[in-house]
Amino acid sequence: MKIKRVYDYEIDDTLRKNIQELLLECFEDDYPKERIYFKQLPHFRYLAFNDEDKLVAQVGLDYRVMNLRVLGVIDLCVTKEYRSNGLGSLLLSEIEKFSENKLIDFLLLFADNQNLYLKNGYRSVENQCTWLKIDNENQRTLGVGTEVINELMIKELGNVKWDNGELDLLGYLY
């Protein structure tokens, strides 16, 4: 298995098509068919390739400074034939290695299925979130959303403690 870190502006047409196919396989009808991102491009990704150089997993990452420094984990997915083999955990481990000795207080994500993340040291938090609402299909700003989102999870990386109060994402939902 090979893991590569790739910046989105470096992705060529062939790799873009492979990422798009993987995202559509994993997120089925929920994902835009013509893009490799849901709301906004991540800053970079980790891509996992098998021994035949086929893309089998990916995760996007977005660095953001709010009232704390966060690396957002976006759209982690593994092709069906490679699931339950530790590949998702391997990608999360790569993210943690990358984050060492950097100005990142927390890894943050939103997950419908939290099992993988709980197993890897993440925890659910309850915060009143504020974010920029984006119309996924037309890529237009809809306004500002505010609510408690049950899928919010974090992993503390440094000495900063998580506050369960209000969380302004200063941008879109990851």
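The model shown is predicted, which means the values in this text are computed figures rather than measured ones. (Residues numbered from 1 in each chain as written. Predicted model: local features only at pLDDT ≥ 70, side-chain atom pairs only at ≥ 80, totals over all residues. Heavy atoms only, no water.)

**Some remarks on the overall build of the chain**
A count of helical and extended segments in the chain gives three helices and ten strands. In terms of C-alpha radius of gyration, the chain reaches 16 Å, essentially the compact-globule figure of 16 Å for 174 residues. Burial statistics for the chain: of 174 residues in total, 48% are counted as buried. Of the contacts formed within the chain by residues at least 6 apart in sequence, a portion of 66% connects residues at least 24 apart. Of the roughly 9,600 Å² of accessible surface on the chain, a fraction of 44% belongs to carbon and sulfur atoms. (Helix = DSSP H or I, 4+ residues; strand = E, 2+ residues; numbered from the N terminus. Rg over C-alpha atoms; globule rule 2.2 N^0.38 Å. Buried < 20%, exposed > 50% of the residue type's maximum accessible area, 1.4 Å probe, protein only. Contact = heavy atoms within 4.5 Å. Areas by Shrake-Rupley, 256 points an atom, 1.4 Å probe, with all protein chains shown as cover.)

**With respect to the sheet that holds strand β5 (residues 106-110)**
As summarised here, the arrangement of the seven strands in space is β1-β2-β3-β4-β5-β9-β6, forming an open sheet in which the pairing is mixed. Single-partner strands in this sheet number two, and they are β1 (2-7) and β6 (123-124). Sheet topology places strand β3 (residues 55-65) next to strand β4 (residues 69-78); eight bridges connect them, and they run antiparallel. Opposite arginine 64, over in β4, you have valine 70 as the bridge partner. The strands touched by helix α1 (residues 13-27) are β2 (44-49), β3 and β4; relative to β4, the strand with the most contacts, the crossing angle is about 80 degrees. Strands β1, β2, β3, β4, β5 and β9 (152-156) of the sheet are contacted by helix α2 (residues 87-99), whose axis makes an angle of about 160 degrees with β4. (Pairing = 2+ DSSP bridges. Axes fitted to C-alpha atoms, helices over the stretch in contact; angles between N-to-C directions.)

**Considerations on the side chain of glutamine 20**
By the secondary structure assignment, glutamine 20 is in helix α1. Exposure remark for glutamine 20: the relative accessible area of 17% places this residue in the buried category. Not counting chain neighbours up to four residues away, the residues in contact with glutamine 20 comprise Lys33, Glu34, Arg35 and Ile36.

**Quick look at the nonpolar core**
Judged by nonpolar contacts, the single largest core of 24 residues is most densely connected at Tyr46, Val73, Ile95, Tyr117 and Tyr122. Secondary-structure elements contributing two or more residues to this core are β2, β3, β4, α2 and β5. No other element matches the five residues that α2 contributes to this core. When sequence neighbours within four positions are dropped, the list of residues in contact with valine 73 reads Val59, Gly60, Leu61, Ile95, Leu107, Leu108, Leu109, Tyr122 and Tyr174. (Core = buried A, V, L, I, M, F, W, Y, C linked by side-chain atoms within 4.5 Å.)

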